[in-house]
Amino acid sequence: MHDFKKLNVWNEAIKLVTEIYEITEKFPRMEVYGISNQIRRSAISIPSNIAEGSGRKSSGSFKLFLSYSYGSCCELETQLIIAKNINYIEENILNRLIEKISVIEKMLTNLSKSII
């Protein structure tokens, strides 16, 4: 249906995943299967759902997968707040990531609205 690699929102989400991996690499080793893994999975889910939805045969399915991506943004933000509260990331890093997530959420909303 769409070439997901040409979608700006997918490219921004890929950049976010890369940054998330760099940040969580510094988390305590004991968190490798804990919050670090959860944060990474939520982040990966954002571009993955965009890609999967773009390959669906109907606009309705694509919109559904965009909504899954939006939900993953909310999940990721929640997990990052927890990481900040347990002192795994600093507030300035949290704020920067939340701003990037907000941009992606707006892009997802606009893309979803543009689909007929």
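Relevant structure appears above.
Residues numbered from 1 in each chain as written. Predicted model: local features only at pLDDT ≥ 70, side-chain atom pairs only at ≥ 80, totals over all residues. Heavy atoms only, no water.

Draft legend 1. Structural context of the overall build of the chain. Each helix and strand counted, the chain has four helices and zero strands in total. The order of helices and strands in the chain, counted from the N terminus, is α-α-α-α. In terms of overall dimensions, the chain is globule-like: its C-alpha atoms have a radius of gyration of 14 Å, near the 13 Å expected for 116 residues. Projected onto its principal axes, the C-alpha coordinates of the chain cover approximately 45 × 25 × 20 Å. Taking contacts inside the chain between residues at least 6 apart in sequence as the whole, the part at least 24 apart equals 72%. Only carbon and sulfur atoms are counted for the fraction: they give 52% of the accessible area of the chain, which is about 6700 Å². If you average the places of the 15 positive and of the 13 negative side-chain charges in the chain, the two averages end up 7 Å apart. (Helix = DSSP H or I, 4+ residues; strand = E, 2+ residues; numbered from the N terminus. Rg over C-alpha atoms; globule rule 2.2 N^0.38 Å. Contact = heavy atoms within 4.5 Å. Areas by Shrake-Rupley, 256 points an atom, 1.4 Å probe, with all protein chains shown as cover. Lys, Arg positive; Asp, Glu negative; His and termini not counted. Charge placed at Lys NZ, Arg CZ, Asp CG, Glu CD.)

Draft legend 2. Layout of the packing of aromatic side chains. Throughout the structure, instances matching the rule amount to three aromatic pairs. Ring plane angle 75° and centroid distance 5.1 Å describe the contact between phenylalanine 65 and tyrosine 68, whose orientation is recorded as edge-to-face. Taken together, the residues phenylalanine 65 and tyrosine 68, both in helix 3 (residues 59–85) and three residues apart, mark about one turn of the helix. (Phe/Tyr/Trp six-rings, centres within 6.5 Å; stacked < 30°, edge-to-face > 60°.)

Draft legend 3. Here's a closer look at the pattern of salt bridges. Taken as a whole and assessed by the stated rule, the structure comprises six salt bridges. Across the salt bridge formed by glutamate 52 and arginine 56, the nearest N and O atoms sit 2.6 Å from each other. Each of Glu19, Arg96 and Lys100 takes part in salt bridges that share partners, so that together they form one network. (Salt bridge = Lys/Arg side-chain N within 4 Å of Asp/Glu carboxyl O.)

Draft legend 4. Geometry of helix 3. The first and last C-alpha atoms of helix 3 sit 39 Å apart over 27 residues, in line with the 39 Å expected at 1.5 Å per residue. Taken residue by residue, helix 3 has Phe62, Phe65, Leu66, Ser69, Ser72, Cys73, Leu76, Gln79, Leu80 and Ala83 as its buried positions. In the core, the buried residues of helix 3 are packed alongside helix 1 (8–24), helix 2 (35–54) and helix 4 (91–114). In the segment just after helix 3, asparagine 87 is the residue with positive phi, at about 65°. (Expected span 1.5 Å × (residues − 1). Buried < 20%, exposed > 50% of the residue type's maximum accessible area, 1.4 Å probe, protein only.)

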